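# Breakdown of the fold
What follows is the residue order along each chain.
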Amino acid sequence: MTNYFHSVTLEEEKCRGCTNCIKHCPTEAIRVRKGKATIIKERCIDCGECIRVCPYHAKKAVTDPFSVMSEYHFKIALPAPTLYGQFGQEFSRERILRGLLGFGFDWVFEVARAAEIVSDATRQIIKTDNVKKPVISSACPAVVRLIQVRFPNLIKNLLKIESPMEVAARIAKHTISKEKNIPSNKIGVFFISPCAAKVTSVKAPYEKKESFVSGVFSMKDIHIKLLEKMKNIPQDYDCDLVSSGAYGVGWAGSGGECNALETSRSLAVHGIHNVIDIFEEIVEDRLNDVDFVEALSCTEGCLGGPLTVVNPFVARTNLKWQIGNAKKNGFSYENTAADYQDLLWTKDMEYKPILKLDDNMMKAMMKMQKLEEINDGLPGLDCGACGSPRCRSLAEDIVRGLAFETDCIFKLREKVSDLADQMKALEHIYKPKTED
Amino acid sequence: MSSIIKKEYDIPANDFSLAGEASSNVRKLLTQLGVNPTIIKRTSIAMYEAELNVVIHGNGGKARVEIFEDKIEIFVFDEGPGIEDIELAMKEGYSTAPDSIREMGFGAGMGLSNIKRNSDKFVLESEPNKGTRVYITIYLY
Ligand SMILES: Nc1ncnc2c1ncn2[C@@H]1O[C@H](COP(=O)(O)OP(=O)(O)O)[C@@H](O)[C@H]1O
Ligand code: SF4
Ligand SMILES: [Mg+2]
């Protein structure tokens, strides 16, 4: 796998070269060139904002096809807790989990359960003094990548514990391998994902060499089929696939991870642009009284993931009901992380300075000077017609050698009118002598 | 030696929603230059505090930032009420901010000492009824 695998990709035929995606991208990773959008791979954090805003559905998240399941002897589904918010009250968690078996899985292991283990480890970690506060959740891979490319000072604040998805994959594999005596490489674990960022974190992990997850399926792709399969399962169906308590289920929505920590010294932020605002406050030491920050790229958290089907606010109501039910069962405290050492990241994250104008600081300064000069000459409308998100980003693209001043339609107009003037002047000089 | 990059920012009076805009802009600029993240952090904290003081105490003013080959110079000034006893103002915890501002989470009296701690050179000049001028120098290496 290359360093820059991305789940978010462009379907060129569908792209009309409008300015919606370039305007919304939180890392300014998209440009429109020659009438089509292009993604700057180094900058993309797979947040999926562009998937949401593209009116032509030209941006999509690449997930795995169901056929990858056939490579494994024993197949396990790992549904993100977000899945529980995708259905109304007639669909209990038991029905949903049993329904998943209908896709050919041999077992289902709830990621929500792993989330409770991660929460327990987090509770222990924030009590210790040797971590940088506020500790920032690493559950959302888009947010982790954002930190990697834009907030180097916050790398040390990141919770260096594997995500619930990875923990779930590991436990599920281990359990089956031991119980059924099947070699690990014959066991396939498949994450049912609300987003592109999770796909990327499986294909190109930042926290370790290789992911435990064998494949990632889109929540959107299974939605209708799952509904059909659930119809044949009685409403009061009971099964032992349920293993998570209310806290784990709650992780799907914004505030869920904070809730599970049982501390008032926590903050939950959602929506990538809001996350950026909060991170700026942390960088400047302006966020006090907080030990833990839950930061989720999508509005309403994973319930608003780009691969979900249901409106996130509706999903939140659905989830509330599921949480209420989980409370009745009272599982929460079973899922603890007695020893979290083996859940720690095995690779440290490196800062990727994508915004840097040049490796040499002196050269970068000269480029910056030039950038400011060019920017001063641009109209300041941020219209996006040049294909860069703002006038300033066009100036930046020009000093990087990736664009021309005449990509700005106003500059082009000036130039054309200058040329016309010059031609008029020439016409005067070369005017053929008329007889009179 | 003259500076390579020069920027000027207006700091409006009493508008907390805009306080921090200048320092945030400077942070982005330094990131694009590839300045060491720790130095960026020191710069933006120092500048933010100076900016905030102009908003809260100084009735608005300006910030001038100059970047040289080897250092950043920040000059933040206002024509507000000024500071009567500079030594006292520098003391950690000393603040004349009214309760209303403290309720918003500002005015802990740590600003000036924070600026001093984060800068390599720090000069504070002030005259009652004339205004306040803060000079901050931070070396790039
Ligand atoms: N620009 C300024 N104009 C007038 N007074 C100021 C200015 N900056 C600081 N001061 C005075 O110095 C005191 C201490 O400043 P500082 O350490 O930043 O604490 P704080 O801003 O929290 O009060 C302020 O309460 C105020 O009386
Ligand atoms: S908030 Fe959740 S759904 Fe959205 S990108 Fe992050 S992990 Fe994926
Ligand atoms: Mg202050």
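These numbers come from a predicted model, not from an experiment. (Residues numbered from 1 in each chain as written. Chains lettered and ligands numbered in written order. Predicted model: local features only at pLDDT ≥ 70, side-chain atom pairs only at ≥ 80, totals over all residues. Heavy atoms only, no water.)

### Some words on the overall build of chain A
Quick note on the threshold: The helix count covers DSSP runs of H or I at least four residues long, the strand count covers runs of E at least two residues long, and both are numbered beginning at the N terminus. Under the scheme applied here, a residue whose accessible area is under 20% of the maximum for its type counts as buried, over 50% as exposed, and between as partly exposed, the area being computed with a 1.4 Å probe on protein chains only. Between two residues, a contact is recorded if the distance between any of their heavy atoms is within 4.5 Å. Under the convention used here, a 1.4 Å probe and the Shrake-Rupley method define accessible areas, while residue burial counts only the protein chains that appear. None of His or the chain ends enter the tally, which takes Lys and Arg as positive and Asp and Glu as negative. By convention, charge coordinates are those of NZ in Lys, CZ in Arg, CG in Asp, or CD in Glu.
Across its full length, chain A holds 15 helices and eleven strands. The proportion of buried residues among the 436 residues of chain A is 56%. Taking all contacts inside chain A whose residues are at least 6 apart in sequence as the whole, residues at least 24 apart take part in 78%. Looking at chain A as shown, the accessible area adds up to about 20,200 Å², and 50% of this sits on carbon and sulfur atoms. Counting 59 positive and 58 negative side-chain charges, chain A places the centres of these two groups 3 Å from one another.

### Overview of empty space enclosed by the protein
Where we set the bar: The definitions used throughout rest on a 1 Å grid laid over the protein atoms alone, on which a cavity is an enclosed set of points accommodating a 1.4 Å probe that cannot get out and a pocket is an open set flanked by protein within 12 Å on both sides along at least five of seven lines; lining residues are those having an atom within 4 Å of a point. Grid points are joined across faces, edges and corners, and a volume is the space filled by probe spheres set on the points. Side-chain classes are defined by residue name, with Ala, Val, Leu, Ile, Met, Phe, Trp, Tyr, Cys and Pro counting as nonpolar, Asp, Glu, Lys and Arg as charged, and the others, Gly among them, as polar.
Per the stated rule, a full pass over the model turns up nine cavities of 30 Å³ or more. Its boundaries defined by the atoms lining it, the largest cavity holds a volume of some 300 Å³. Sorting the residues of the lining of the largest cavity by element identifies α4 (111-127), α5 (141-150), α6 (164-180) and α7 (196-203) of chain A as the ones contributing at least two each. Per-class residue counts for the lining of the largest cavity are 20 nonpolar, four polar and two charged. Roughly 140 Å³ of volume is contained in the second largest cavity. The wall of the second largest cavity is formed by Arg150, Phe151, Pro152, Asn153, Glu280, Val283 and Leu355 of chain A together with Arg27, Lys28, Thr31, Pro37 and Ile40 of chain B. Looking at the lining of the second largest cavity, the element that brings in the most residues is helix α1 (residues 21-33) of chain B, giving three residues. Of the residues that constitute the lining of the second largest cavity, the class distribution is six nonpolar, two polar and four charged.

### Observations concerning the interface of chain A and chain B
Which entries qualify depends on this criterion: Buried area counts how much accessible surface, traced with a 1.4 Å probe, disappears from two parts once they are put together, with both parts' losses summed. By salt bridge we mean one thing: a side-chain nitrogen of Lys or Arg within 4 Å of a carboxyl oxygen of Asp or Glu. Here a polar contact is recorded for every N or O atom pair within 3.5 Å, except that within protein the pair must consist of a potential hydrogen donor and a potential acceptor, and residues adjacent in sequence are included only if both atoms are side-chain atoms.
Across the contact, 23 residues belong to chain A and 24 residues belong to chain B. Here chain A and chain B share an interface that buries about 2,200 Å² over both sides, 59% of which is from carbon and sulfur atoms. By the criterion of area lost to chain B, the three top residues of chain A are Glu284, Met361 and Met365 of chain A, representing 29% of everything that side buries. At the junction of chain A with chain B, the criterion picks out four salt bridges. The tally of links between chain A and chain B comes to seven residue pairs in polar contact (both at pLDDT 80 or more). For the side of chain A that touches chain B, the secondary structure elements donating two or more residues are α11 (272-283), α13 (361-377) and α14 (391-399) of chain A. Looking at side-chain class alone, the side of chain A that touches chain B contains twelve nonpolar, two polar and nine charged residues.

### Some points on the site of ligand 2
Condition: Nearness of a residue to a molecule or strand requires only that one of the residue's heavy atoms be within 4 Å of it. Criterion for pocket placement: a molecule counts as inside a cavity or pocket if more than half of its atoms are within 2 Å of its grid points.
By nearness alone, every residue bordering ligand 2 is listed as Cys140, Pro141, Pro194, Cys195, Ala197, Leu296, Ser297, Cys298, Cys302 and Gly305 of chain A. With respect to the pocket detection grid, ligand 2 is positioned in the largest cavity.

### Some thoughts on the confidence of the model for chain B
What counts, and what does not: pLDDT is a residue-level measure of predictor confidence that goes from 0 to 100.
Residues of chain B with pLDDT of at least 70 account for 100%, and the chain-wide mean is 93. Complex prediction metrics read pTM 0.89 and ipTM 0.88.

### Some details on the domain arrangement of chain A
Residue and element names in this part refer to chain A. Using the following cut-off: What counts as a domain boundary in this text is fixed by an automatic or database domain assignment.
The domain boundaries assigned to chain A delineate domain 1 (1-62), domain 2 (66-343) and domain 3 (357-436). With centres defined by C-alpha atoms, the gap from domain 1 to domain 2 works out at 25 Å. With 19 residues of domain 1 in contact, the opposing surface of domain 2 contributes 20 residues. Taken over both partners, the interface formed by domain 1 and domain 2 buries close to 1,400 Å², and the fraction arising from carbon and sulfur atoms is 67%. If you sort the residues of domain 1 by the area they bury against domain 2, Pro26, Ile45 and Arg52 come out on top, with a joint share of 34%.

### Examining the packing of helix α2 (residues 37-56) of chain B against helix α5 (residues 111-118) of chain B
Residue and element names in this part refer to chain B. Filter applied, for reference: Fitted lines through C-alpha atoms serve as axes, helices being fitted only where they are in contact, and the angles separating the N-to-C directions of these axes extend from 0 to 180 degrees. Roughly parallel here means an angle under 35 degrees, roughly antiparallel means over 145, roughly perpendicular means 65 to 115, and every remaining angle is called oblique. Handedness of each helix crossing follows the sense of rotation of the near helix against the far helix: counterclockwise by less than a right angle gives left-handed, clockwise gives right-handed.
Close contact between α2 and α5 brings their axes to 9 Å; oriented N to C, the two are set at 150 degrees. Relative to α5, α2 is oriented roughly antiparallel. At the point where α2 passes α5, the crossing takes the left-handed sense. Here α2 contributes Arg42, Ile45, Ala46, Glu49, Ala50 and Asn53 to the contact with α5, which in turn contributes Gly111, Leu112, Asn114, Ile115 and Asn118. Within the contact of α2 with α5, the residues separate by chemical class into five nonpolar, four polar and two charged.

### Points about the packing of α13 of chain A against α1 of chain B
The description of two packed helices rests on the angle between their axes and on the distance between the axes. Running from N to C, α13 of chain A and α1 of chain B cross one another at 130 degrees; their axes reach a closest spacing of 8 Å. In terms of axis orientation, α13 of chain A runs oblique to α1 of chain B. Contacts from Met361, Ala364, Met365, Met368 and Glu372 of chain A of α13 of chain A reach α1 of chain B at Leu29, Gln32 and Leu33 of chain B. Across the contact of α13 of chain A with α1 of chain B, the residue classes tally to six nonpolar, one polar and one charged.

### Let's talk about the nonpolar core
Rules: Among the buried residues, those of types Ala, Val, Leu, Ile, Met, Phe, Trp, Tyr and Cys that are joined through side-chain atoms within 4.5 Å form a nonpolar core.
Core analysis: the biggest nonpolar cluster contains 74 residues, and Ile76, Leu78, Leu100 and Leu226 of chain A have the highest contact counts within it. With nine residues, α4 of chain A is the largest single contributor of residues to this core. Ignoring anything within four residues of it in the chain, the contact list for Leu78 of chain A reads Phe109, Val111, Met165, Ala168, Ala169, Ala172, Val189, Phe190, Phe191 and Ile192 of chain A. If you look at the next biggest cluster of nonpolar residues, it comprises 58 residues, including Leu357 of chain A together with Phe16, Val26 and Ala50 of chain B.

### What to know about α11 of chain A
Quick reminder: α-helices carry 3.6 residues per turn. Residues three or four places apart thus point the same way. Residues and elements named next belong to chain A. Threshold: Helix span is expected to be 1.5 Å times the residue number reduced by one.
The end-to-end C-alpha separation of α11 is 16 Å, in line with the 16 Å expected for twelve residues at 1.5 Å each. Buried within α11 are the following residues: Ile272, Val275, Ile276, Ile278, Phe279, Glu280, Ile282 and Val283. Among the residues trailing α11, Asp285 stands out with phi positive, at a value near 55 degrees.

### Describing the sheet that holds strand β7 (residues 135-136) of chain A
Residue and element names in this part refer to chain A. Rule in force here: In this analysis, strands are considered paired if DSSP registers two or more bridges between them.
If you walk across this open sheet you meet the three strands as β7-β11-β10, and the pairing is parallel. Edge positions in the sheet fall to β7 and β10 (266-270), since each of these pairs with one other strand and no more. Relative to strand β11 (residues 292-296), β10 runs parallel, the two sharing five bridges. Paired with Val269 across the two strands is Ala295, which belongs to β11.

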